[in-house]
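# Examining the three-dimensional arrangement
Each chain, written out:
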Amino acid sequence: MTEESMFLIIGCSMAKQMWLCLEYTYLQATKDKEFQLKQQFQTVKLGSKSIDEYIKEFKEICDSLMAIHKPLDEDSKVINFARGFGSKYKTLRTVMLGKPPYPTFNQFVNALRGFEMREDTDDIMEQTPPNSTMTFVAQKSQGRGRGNFYRGRGQPKGRGGRQFSQRNFGALNQKRI
């Protein structure tokens with residue numbers, strides 16, 4: 001107990017009197033702190049911070065509320081945490097909060113980190129020009145998706161490898177009639 005607290009309870013003869021005196025003294029400070037923390041909780045934003053800095057700041061606010069015996073439920077944490085994202089994370093927010101049950105705060109953080117890693121990988125892939133071997137393989141494989149319908153000089157072949165022309169097709173139609 002601090003000297004200040006000891007000074008407050010001087011003259012109290014019973015434990016209950018001491019607790020009531022301390023509660024009265026510190027209750028208003030706790031209410032002010034609760035109000036301040038809840039306001040921070042509702043307004044914290046990712047902004048230009050890194051994901052890890054944002055998670056740390058958000059978690060500190062939640063931990064501080066728990067320390068003054070005002071813990072937050074998981075849904076409130078998740079919804080307010082997601083609210084602080086920018087437009088870059090709109091897709092993740094929509095998928096994760098599309099419909100209840102909502103994930104826990106820790107599950108949401110893990111999903112966010114996975115999303116961030118995929119985004120970083122996509123950014124790297126967009127910035128890296130393809131090398132000549134990859135380009136050659138990609139170009140070579142593009143011609144294979146036609147099922148060999150066009151061979152050689154672009155002559156179309158039908159079933160059984162027979163070439164069709166307007167003349168042959170007309171003869172086939174006459175046989176069917």
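Below is a short write-up of the structure. Being a predicted model, the structure only gives us computed values, none of them experimental.

### Some thoughts on helix H2 (residues 15–43)
- A rise of 1.5 Å per residue sets the reference length of H2, with its 29 residues, at 42 Å; its end C-alpha atoms lie 40 Å apart and thus fit the reference within 8%.
- Listed as buried for H2 are Leu22, Glu34, Leu37 and Phe41.
- Those residues of H2 that are buried are in contact with helix H1 (3–8), helix H3 (51–67) and helix H4 (74–83).

### Looking at the pattern of salt bridges
- With the rule as written, the count across this model stands at seven salt bridges.
- Residues Asp63 and Lys59 are paired through a salt bridge, measuring 3.5 Å at the closest nitrogen-oxygen approach. Separated by four residues within a single helix, Asp63 and Lys59 lie in helix H3, roughly one turn from each other.
- Under the relative-accessibility criterion, Asp63 is labelled partly exposed at 40%.
- A relative accessible area of 38% places Lys59 in the partly exposed class.
- Across the pair Lys77 and Glu74 runs a salt bridge, and its minimum N-O distance is 3.7 Å. Taken together, the positions of Lys77 and Glu74, both in helix H4 and three residues apart, correspond to about one turn of that helix.
- Taking relative accessible area as the criterion, Lys77 reaches 14% and is therefore assigned buried.

### Let's talk about the state of the cysteines
- This structure, assessed with the given rule, holds zero disulfides.
- Cysteine Cys21 shares no disulfide, and the gap to the nearest cysteine sulfur, in Cys12, comes to 4.7 Å.
- Cys21 sits in the partly exposed class, given a relative accessible area of 22%.

### What to know about the packing of aromatic side chains
- Applying the stated criterion across every chain, the model contains 12 aromatic pairs.
- Their ring planes at 25 degrees and their centres at 5.8 Å tell us that Phe85 and Phe108 sit as a pair that is stacked. Of the two residues, Phe85 is situated in the loop between H4 and helix H5 (90–96) and Phe108 in helix H6 (residues 105–127); the sequence distance between them amounts to 23 residues. For the pair formed by Phe85 and Phe108, the shared burial category is buried.
- Members of the aromatic cluster, joined through ring pairs, are Phe41, Tyr54, Phe58, Phe81, Phe85, Tyr89, Phe105, Phe108 and Phe115.

Conventions and cut-offs
Residues numbered from 1 in each chain as written. Predicted model: local features only at pLDDT ≥ 70, side-chain atom pairs only at ≥ 80, totals over all residues. Heavy atoms only, no water. Helix = DSSP H or I, 4+ residues; strand = E, 2+ residues; numbered from the N terminus. Expected span 1.5 Å × (residues − 1). Buried < 20%, exposed > 50% of the residue type's maximum accessible area, 1.4 Å probe, protein only. Contact = heavy atoms within 4.5 Å. Salt bridge = Lys/Arg side-chain N within 4 Å of Asp/Glu carboxyl O. Disulfide = S-S within 2.5 Å. Phe/Tyr/Trp six-rings, centres within 6.5 Å; stacked < 30°, edge-to-face > 60°.

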